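# Descriptive analysis of the structure
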Amino acid sequence: MSIINAVRKTIAYAKRNGVRAAFFAALERVHDNAASGYEYRPLSGGVLEEQKREYKVLAEKDNLVRFSVVVPLYNTPEQYLREMIESVIAQTYGNWELILADASEQPLEAAKAYAKDDPRVRYFHLESNDGIAANTNFGIKEAGGDYIGLLDHDDLLTPDALYEVDRVIRKSMKTNKLVKYAGCPVRLIYSDEDKFDDAQGRYYEHHQKPNFNMDYLLSNNYICHFTVIRADIIKRLKLRAEFDGAQDFDLVLRACAETALSMPFASDQIVHIGKVLYHWRCHEGSTAANPASKSYAYEAGGRAIQSLLDSSGVNGKVSALKHLGFYRVDYEPDVFSSRSDVGCVGGRILDKKNRICGGMYRKDKTLVFAGLPSDYSGGFQHRASVQQDAYGVDIRCISVRPELVPLFEETTGLKYVDSFTGAKRPSETSGTGGNKTAPAVSLEDGQKRRKAEAAYGDVPVETIAELSVRFGAELKKRGYRALWDPGVTVKISHG
């Protein structure tokens, strides 16, 4: 990203959120960039040749998944167009078709030439430009593959992208002893990604994504690129024009929610590939370089989440957070009334130095975001500031579904105290619809806080983590989620 773009982003951020927030956001960015050390390392020629040999063996057995890669074109610069097409042609997995749906005023001659030279490249010049959703839907309709992947007209796939996606599908088919790919349980596959600086020729901002997390998806489109969806699902759902700008996000939300919104486990249907398979090109005017250049897209993203909640019968209100493209959901009258899948909800704990010392725990009992300053958001994906599914949440700031209180007491050996509900939400304190973080509420403020500290104040930190994770595991056994909400913050007087 150029210095000019960085300055523009900082000024815009300060106007939206204030100078203090902008200062800490810039400071965190500097720390993140210094600590990143990311370097994209392409696969060696030997590895790519081995993948091609594997594909040849599969082809000889006539047992291949067919992929359709759909790309909507619109006045795409020829250099970007050629590089995008070449990245598909370079795939080590060869059973694909590239659908180019061109809404440019004049046909793109380079695209036509590729289609003439390679029958797998199918070019369509559309009669009119009806918007990104409609143009993409045309390509989806024409696609004949078992699975359909979406690719932007100026981005790049790594040469092993379809090979890795095929491995996921083939593994599921073998596990479930299936023959027809249309019946494969895997409905959506996504990968890690990074950004490609068009001016400097460098890769940066490695987006190392977590495995599927429904509430994290309700907070932002972390799935993004590279996404491949089973053909029957994407052809049924289609992209919706009313969400242009966030049409992909709306599609992914609906595709995932069908199987995951009311249940915590969807590992057999929504699969994450922990490898960079997609390079998001960054150039002047692109969303990757300057998110504010398409603010309408983030407004559409919030509407897409709200639409999903409404259509799913979930009583919640979506509001934008201070970072573009990030949201929170406030459930009415509470999360347990609105979401039958949530077994408990917890917030974050700050120490005397305003650093995170409790909140969301991993399965191995380690604390996520341990020691992170309260004004930091958790990296360029701002994950420390958004709601998400957790393995376990801190029992010092927790609210448990009423019918599960006996399970909490049996699992932890502690008398249950609701130490979460009494804290004020951001939307109740900022007057901006949840756009700012609520001030930390001391555990001594209010009767519930005093009870919580009296009950758990003498419990060692290691035991707190163990009990939090133990209760989270018991919830999962019973099909419930543990929801972490950093919008609720408490500050302990000890530690």
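Above this note sits the structure.
Residues numbered from 1 in each chain as written. Predicted model: local features only at pLDDT ≥ 70, side-chain atom pairs only at ≥ 80, totals over all residues. Heavy atoms only, no water.

### Side note on the overall build of the protein chain
If you tally the helices and strands in the protein chain, you get 16 helices and 19 strands. Looking at the protein chain as a whole, 56% of its 495 residues are labelled buried. Within the protein chain, contacts between residues separated by at least 24 positions form 72% of all contacts whose residues are at least 6 apart in sequence. By element, 52% of the accessible surface of the protein chain is carried by carbon and sulfur atoms, the whole surface being about 21,800 Å². (Helix = DSSP H or I, 4+ residues; strand = E, 2+ residues; numbered from the N terminus. Buried < 20%, exposed > 50% of the residue type's maximum accessible area, 1.4 Å probe, protein only. Contact = heavy atoms within 4.5 Å. Areas by Shrake-Rupley, 256 points an atom, 1.4 Å probe, with all protein chains shown as cover.)

### Considerations on helix H4 (residues 78–89)
When the terminal C-alpha atoms of H4 are compared, their 16 Å separation across twelve residues agrees well with the 16 Å that a helix rising 1.5 Å per residue should span. What H4 keeps buried is the set Tyr 80, Leu 81, Met 84, Ile 85, Ser 87 and Val 88. Looking straight down H4, one finds that the buried residues subtend no more than 155° of arc, so they occupy a single side. On its buried side, H4 packs onto strand S1 (67–73), strand S2 (96–102), helix H5 (109–117), strand S5 (156–157) and strand S9 (270–282). (Expected span 1.5 Å × (residues − 1). Arc of directions from axis to C-beta.)

### Remarks on the environment of His 279
Tracing the backbone shows His 279 in strand S9. The class of His 279 is buried, set by a relative accessible area of 4%. Along the sequence, His 279 and Phe 196 sit 83 residues apart, while their C-alpha atoms lie 5.8 Å from each other. Each residue touching His 279, except ones within four places of it in the same chain, is listed here: Tyr 40, Asp 155, Leu 156, Thr 158, Asp 194, Phe 196 and Tyr 203.

### Let's talk about the pattern of salt bridges
A full pass over the atoms with the stated rule returns 34 salt bridges. The salt bridge involving Glu 49 is made with Lys 52; its shortest N-O contact spans 3.6 Å. Within this pair, Glu 49 and its partner Lys 52 are both found in helix H3 (residues 45–60), separated by three residues, close to a single helical turn. Judged by relative accessible area, which is 40%, Glu 49 ranks as partly exposed. Assessed through its relative accessible area of 39%, Lys 52 is described here as partly exposed. (Salt bridge = Lys/Arg side-chain N within 4 Å of Asp/Glu carboxyl O.)

### A short note on the nonpolar core
Core analysis: the biggest nonpolar cluster contains 64 residues, and Leu 188, Phe 212, Met 214, Leu 217, Ile 223, Cys 256 and Ile 305 have the highest contact counts within it. With eight residues, helix H10 (residues 247–260) is the largest single contributor of residues to this core. Setting aside anything within four residues of it in sequence, one finds Leu 188 in contact with Ile 223, Thr 227, Val 228, Ile 229, Val 252, Ala 255, Cys 256, Gln 269, Ile 270 and Val 271. Grouped together as the second largest cluster of nonpolar side chains are 43 residues, Val 69, Trp 96, Tyr 123 and Ile 169 included. (Core = buried A, V, L, I, M, F, W, Y, C linked by side-chain atoms within 4.5 Å.)

### Description of the packing of aromatic side chains
Summed over the entire model, instances satisfying the criterion amount to eleven aromatic pairs. When the ring of Tyr 40 is compared with that of Tyr 203, the centres are 5.1 Å apart and the planes differ by 55°; the resulting orientation is tilted. Taken together, the positions of Tyr 40 in the loop between helix H2 (19–36) and H3 and Tyr 203 in strand S7 (residues 202–207) put the pair 163 residues apart, joining distant regions of the chain. Classification of Tyr 40 as buried rests on a relative accessible area of 17%. Judged by its relative accessible area of 27%, Tyr 203 is partly exposed. With 5.2 Å between their ring centres and 85° between their planes, Phe 408 and Phe 471 make a pair best called edge-to-face. In this pair, Phe 408 is assigned in helix H13 (residues 405–412) and Phe 471 in helix H16 (residues 461–477), connecting sequence segments 63 residues apart. By relative accessible area, which is 0% here, Phe 408 ends up buried. An aromatic cluster is present here, built from Tyr 40, Phe 196 and Tyr 203 joined pairwise through their rings. The side chain of Lys 195 reaches across the aromatic face of Trp 280, ending 5.4 Å from its centre. (Phe/Tyr/Trp six-rings, centres within 6.5 Å; stacked < 30°, edge-to-face > 60°. Lys NZ or Arg CZ within 6 Å of the ring centre and 35° of its normal.)

### Quick notes on H3
Taking 1.5 Å of rise per residue, the 16 residues of H3 would be expected to cover 22 Å, and the 23 Å separating its terminal C-alpha atoms lies within 8% of that figure. All of the buried residues in H3 are Leu 48, Gln 51, Tyr 55 and Leu 58. The arc that holds every buried residue of H3, seen down its axis, measures 75°, which confines them to one face. Opposite the buried face of H3, at more than 90 degrees from it, the exposed residues are Gly 46, Lys 56 and Glu 60. On its buried face, H3 sits against helix H7 (161–175). Looking one or two places after H3, you find Asp 62, whose phi comes out positive at around 55°.

### Quick look at unusual backbone geometry
Of note, the amide linkage connecting His 225 to Phe 226 takes the cis form, showing an omega dihedral of -10°. Along the chain, the position of Phe 226 falls in the loop between helix H8 (214–217) and strand S8 (227–230). Pro 333 follows Glu 332 through a cis peptide bond whose omega is -5°. Within the secondary structure, Pro 333 sits in the loop between strand S11 (327–331) and helix H12 (335–338). With a phi close to 45°, Asn 75 is a non-glycine residue in the positive phi region. By secondary structure assignment, the location of Asn 75 is in the loop between S1 and H4. Residue classification places Asn 75 among the partly exposed residues on the basis of a relative accessible area of 39%. Its identity is not glycine, yet Asn 354 carries a phi of approximately 60°, on the positive side. Here Asn 354 shows up in the loop between strand S12 (342–350) and strand S13 (356–358).

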